[in-house]
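A structural walkthrough
The chain contents come next:
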Amino acid sequence: MTSPTTDARSRNQPADVRRRQILDAAASLATEHGFENVSIANVAERAGIAKGTVYLYYDSRQSIAAALQADLWERMLDRPREIVVRADLTWSAKLDAVVAEWIRFEIDNHNLHHEIFHLAGDTDGIDPWEASRQLLVDLIDNGTETGEFDTPNPTITADFLL
């Protein structure tokens, strides 16, 4: 028998760790078998926890899908948010780096993204593009203010790029 400190799936996990275990299990199952084949029971089994434990954190498959969507978008924006505040990069370099990061993220997460956003359906009205759009608008607006970009409307330019 392993101790709670050595077993990652012990009964005494903090809520954030438990949520991460559940989302990781659901993500791997969705990627391997398709989200339509993901059940609370197989998420629990993959996470190494009781089915009832999953229900303590998520009340349905759709709530897991919504959490996966939010998690995927948050992870997609983490690195670009770091890039746009770097003082050592020009606005052009920031734009290049953000686009490159989004492409890398899409390549690395294509199957999960497809399962969660295209096949799982709308979950809780998440608007996944708004945060990405705003990050890009702000980046273009700052580049325009410094004279590095020449665009009369950063919002339209960002919409075009997205």
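Residues numbered from 1 in each chain as written. Predicted model: local features only at pLDDT ≥ 70, side-chain atom pairs only at ≥ 80, totals over all residues. Heavy atoms only, no water.

What follows covers a nonpolar patch on the surface. Nonpolar side chains collect at one region of the surface, where Val99, Ile103 and Ile107 lie side by side and expose about 280 Å² of accessible area between them. Here valine 99 is to be found in helix 5 (residues 91-119). A residue is classified by how much of its surface remains accessible, and valine 99, at 37% relative accessible area, is partly exposed. (Patch = residues over 30% accessible without salt bridge, like charges linked within 9 Å, V, L, I, M, F, W, Y side chains within 5 Å. Areas by Shrake-Rupley, 256 points an atom, 1.4 Å probe, with all protein chains shown as cover. Salt bridge = Lys/Arg side-chain N within 4 Å of Asp/Glu carboxyl O. Helix = DSSP H or I, 4+ residues; strand = E, 2+ residues; numbered from the N terminus. Buried < 20%, exposed > 50% of the residue type's maximum accessible area, 1.4 Å probe, protein only.)

With that settled, consider the nonpolar core. Generally speaking, a soluble globular protein has its nonpolar side chains buried in company with each other. Judged by nonpolar contacts, the single largest core of 41 residues is most densely connected at Val43, Val54, Ile64 and Leu68. Within the residue set of this core, elements represented by two or more residues are helix 1 (15-33), helix 2 (40-47), helix 4 (61-84), helix 5 and helix 6 (128-145). Per-element accounting of this core gives the leading share, 10 residues, to helix 4. (Core = buried A, V, L, I, M, F, W, Y, C linked by side-chain atoms within 4.5 Å.)

Our next topic: the layout of surface pockets. One water molecule sets the probe size; rolling that probe over the atoms shows where empty space is left. Reported here for the largest pocket is a volume of approximately 330 Å³. If you go around the largest pocket, you meet 15 residues; those closest to its centre are Met76, Trp102, Ile103, Trp129 and Leu162. Where the lining of the largest pocket is concerned, the elements lending two or more residues are helix 4, helix 5 and helix 6. Among the residues forming the lining of the largest pocket, the class breakdown is 11 nonpolar, 3 polar and 1 charged. (1 Å grid on protein atoms, 1.4 Å probe; cavity = no way out; pocket = protein on both sides within 12 Å on 5 of 7 lines; lining within 4 Å. Points joined across faces, edges and corners; volume = space filled by probe spheres on them. Nonpolar A, V, L, I, M, F, W, Y, C, P; charged D, E, K, R; others polar.)

Two elements in contact, helix 1 and helix 2, have axes whose closest approach is 8 Å; the angle formed by their N-to-C orientations is 115°. Put simply, helix 1 runs roughly perpendicular to helix 2. Crossing hand, helix 1 versus helix 2: right-handed. Side by side, helix 1 and helix 2 meet where Gln21, Ile22, Ala25, Ala26, Ser28, Leu29, Glu32 and His33 of the first sit next to Asn42, Val43, Arg46 and Ala47 of the second. Considering only residue class, the contact of helix 1 with helix 2 consists of 6 nonpolar, 4 polar and 2 charged. (Axes fitted to C-alpha atoms, helices over the stretch in contact; angles between N-to-C directions. Parallel < 35°, antiparallel > 145°, perpendicular 65-115°, else oblique. Left-handed = near helix turned anticlockwise from the far one by under 90°. Contact = heavy atoms within 4.5 Å.)

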